[in-house]
Amino acid sequence: MTPATTTTPEWLAEAVASGRLDAGWVQVFAALPRSLFLPDVIWPKDPDSGQNVRVDRRRDPSGWAAWAEQDVPIVTQWDDQPDPAAAGQTATSSSSQPSLVAGMLADLDVRPGHRVLDLGVGTGWTTALLAARVAAGTVVGIEYDPAVAEAARARITAVGLVADVIVGDGAAGWPDGAPYDRVQCTYAVRRIPTAWVEQTRPGGVILAPWETTLTHQGALVRLTVQEDGIASGPFLWPVRFMGSRPERTPQIDRNDYLPPGGGWPPGTVESATRLRPADLWATPYGPAWWMIGLLVPDMVYATSSRKDGTVLGWLFSLRCRSWAIAFFDDAPEAEVYQGGPRRLWDEVEAAHRWWTEQGRPGHEDFGLTVGPDGERVWLRSPDRPLPATLAG
Ligand SMILES: C[S@@+](CC[C@H](N)C(=O)[O-])C[C@H]1O[C@@H](n2cnc3c(N)ncnc32)[C@H](O)[C@@H]1O
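Basis of the calculations
Position numbers for residues start from 1 in each chain and track the written sequence from start to end. Under the rules for a predicted model, residues below a pLDDT of 70 receive no local features and side-chain atom pairs below 80 are neither given nor counted, while totals for whole chains, interfaces and linings still include all residues. Hydrogens and water molecules were not included; the side-chain quantities draw on all heavy atoms of the structure. UniProt positions are given in the numbering used here, feature names are shortened, and annotations may be inferred rather than shown by experiment. Delimitation of the domains relies on an automatic or database domain assignment. Contacts are assigned to residue pairs with any non-hydrogen atoms lying within 4.5 Å of each other. Accessible area that two parts lose when put together, with a 1.4 Å probe and added across both, is what the buried area reports. In this analysis, the protein atoms alone were mapped onto a 1 Å grid. Cavities are point sets where a 1.4 Å probe fits without being able to get out; pockets are open sets with protein on both sides within 12 Å along at least five of seven lines; lining residues have an atom within 4 Å of a point. Grid points are joined across faces, edges and corners, and a volume is the space filled by probe spheres set on the points. Only DSSP runs of H or I with at least four residues qualify as helices, and only runs of E with at least two residues qualify as strands; both kinds are numbered from the N terminus onward. In this classification, Asp, Glu, Lys and Arg are treated as charged, Ala, Val, Leu, Ile, Met, Phe, Trp, Tyr, Cys and Pro as nonpolar, and every other residue, Gly included, as polar. Patch membership needs two things, relative accessible area over 30% and no salt bridge, and members are linked within 9 Å if like-charged or within 5 Å if nonpolar (Val, Leu, Ile, Met, Phe, Trp, Tyr). All accessible-area figures derive from a Shrake-Rupley calculation using a 1.4 Å probe, and residue coverage is judged against the displayed protein chains alone. Salt bridges are counted wherever a side-chain nitrogen of Lys or Arg sits within 4 Å of a carboxyl oxygen of Asp or Glu. Asp and Glu count as negative and Lys and Arg as positive, but His and the ends of the chain are not part of the count. Working definition for charges: the position is that of NZ of Lys, CZ of Arg, CG of Asp or CD of Glu. Paired strands are those between which DSSP finds at least two bridges. Exposure classes here rest on a 1.4 Å probe applied to the protein chains alone. A residue is buried below 20% of its type maximum, exposed above 50%, and partly exposed in between.

Per an unreviewed UniProt entry, the chain goes by Protein-L-isoaspartate O-methyltransferase and derives from Thermomonospora curvata. According to the UniProt record, the Subcellular location (unreviewed entry) comment for the chain is "Cytoplasm".

Below, the structure written as structure tokens:
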């Protein structure tokens, strides 16, 4: 392959220097800079402001080219709209951060000749990188959004590579291309679809961002499919990806849980907590909050603050109309109010206690097994599944 760029971006040089990426990948990345896979209007995340900034190649070609090389995620679609010209509320397609792409490809351990299933094609960059890497192997990509898939298909063809880009829900996989040696997903799932396991050959690897309803700060799981058809393996590191399109969590309306006029409904229970936001959601990629999402299923949270600095932490059940709220001010204990059939705050306290008793394990201490009887998260060893229930 002819290198399209002469300078090696810093994130790539680092991935090679650390030994994560082998020489075969360096050549592939050099031949396929991500600028070849981006639309004219892009929304890179500015690391200084934390905001997505709009950059239009037609107005600022050098700025656009510089952002394309930066080690930042770039939003390429908002709110499922085909035209990315205006900002929206929710990023619905993007080009992931290059160092993250390189890290995932290293963990996927793709070799020439492999058959690969790439779920969430997006811009087509990772699909093209895979197609170049497997050489005479096969790459099948699946993308939910037809317009996004079509643009990716055109870009992959334009660089002279071959990959089948299918429009559909990645959850079904693509049986016609099976068995795969490697399955990679670049959107977050809450359950590994059985189709992925069935379509991966024994010894093959499935790599996917896995999250709970509680937080989009999930973790990358790397499963190896065994001879008996069971897939098992560790969580590797925390990641944040956009979720699977057909599995989006519905917007919560507080009026469905609490009386609209204010006040606590009959049956509200009052208590206090010594936990602080930093013990829970306020530590970016903190293992405690991720683990609480595992142990307290079907729950979402929201925060707000008052002018006096008090932080309000809300919990809502997706299964029933249970809710909880804690008021964090300067006092060592926060007031808690809970209602409905579940005691959500008590469940969170119990999960946090359990995590502390286990020695505060990190993401990489957990693992996942997917078998015919469903999915099981474990701590440190597949024979130590997480407790099904803790509260009470
Ligand atoms: C983070 S982007 C993918 C980045 C991509 N690998 C690249 O190199 O540009 C995630 C993509 O997954 C797609 N997606 C989300 N849910 C999906 C699903 N259930 N099946 C297939 N594609 C899905 C989105 O439309 C989006 O384009």
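From this point, things continue past the structure.
Draft legend 1. Quick peek at the domain arrangement of the chain. Along its sequence, the chain is carved into domain 1 (10-245) and domain 2 (254-357). The distance between the C-alpha centroids of domain 1 and domain 2 comes to 34 Å. The interface of domain 1 with domain 2 comprises 12 residues on the first partner and 14 residues on the second. In this assembly, domain 1 packs against domain 2 so that about 1,100 Å² is buried in total across both faces, 69% of it on carbon and sulfur atoms.

Draft legend 2. Here's a closer look at the layout of surface pockets. Roughly 600 Å³ of volume is contained in the second largest pocket. Lining the second largest pocket are 26 residues, and of these Trp210, Gly293, Leu294, Leu295 and Pro297 lie nearest its centre. Elements with a minimum of two residues in the lining of the second largest pocket: helix 8 (287-295) and strand 18 (374-379). Residues of the lining of the second largest pocket, tallied by class, amount to 12 nonpolar, 4 polar and 10 charged. Both domains that furnish three or more residues to the lining of the second largest pocket are identified here as domain 1 (10-245) and domain 2 (254-357).

Draft legend 3. Looking closely at a negative patch on the surface. There is a patch of like negative charges on the surface, built from Glu270, Asp308, Asp329, Asp330 and Glu335. Note that Asp330 resides in the loop between strand 15 (323-328) and strand 16 (334-339).

Draft legend 4. How the structure looks around the sheet that holds strand 1 (residues 41-44). Spatially, 2-1-3-4 is the arrangement adopted by the 4 strands of the open sheet, whose pairing is antiparallel. With one partner strand each, in any of the chains shown, strand 2 (55-56) and strand 4 (91-95) form the two edges of the open sheet. Bridge count between strand 3 (residues 74-78) and strand 4: 4 bridges; the pairing is antiparallel. Paired with Trp78 across the two strands is Ala91, which belongs to strand 4.

Draft legend 5. Looking closely at the pattern of salt bridges. Within the structure shown, the criterion is met by 14 salt bridges. Close ionic contact of Asp107 with Arg20 constitutes a salt bridge, the shortest N to O distance being 3.3 Å. Remark: Arg20 occurs in the loop between helix 1 (10-17) and helix 2 (23-31) and Asp107 occurs in helix 4 (residues 98-108); sequence separation between them is 87 residues. For Asp107, a relative accessible area of 14% translates into the label buried. Of the residues examined, Arg20 reaches a relative accessible area of 41% and is grouped as partly exposed. Glu333 serves as the salt-bridge partner of Arg274, at 3.4 Å between the closest nitrogen and oxygen.

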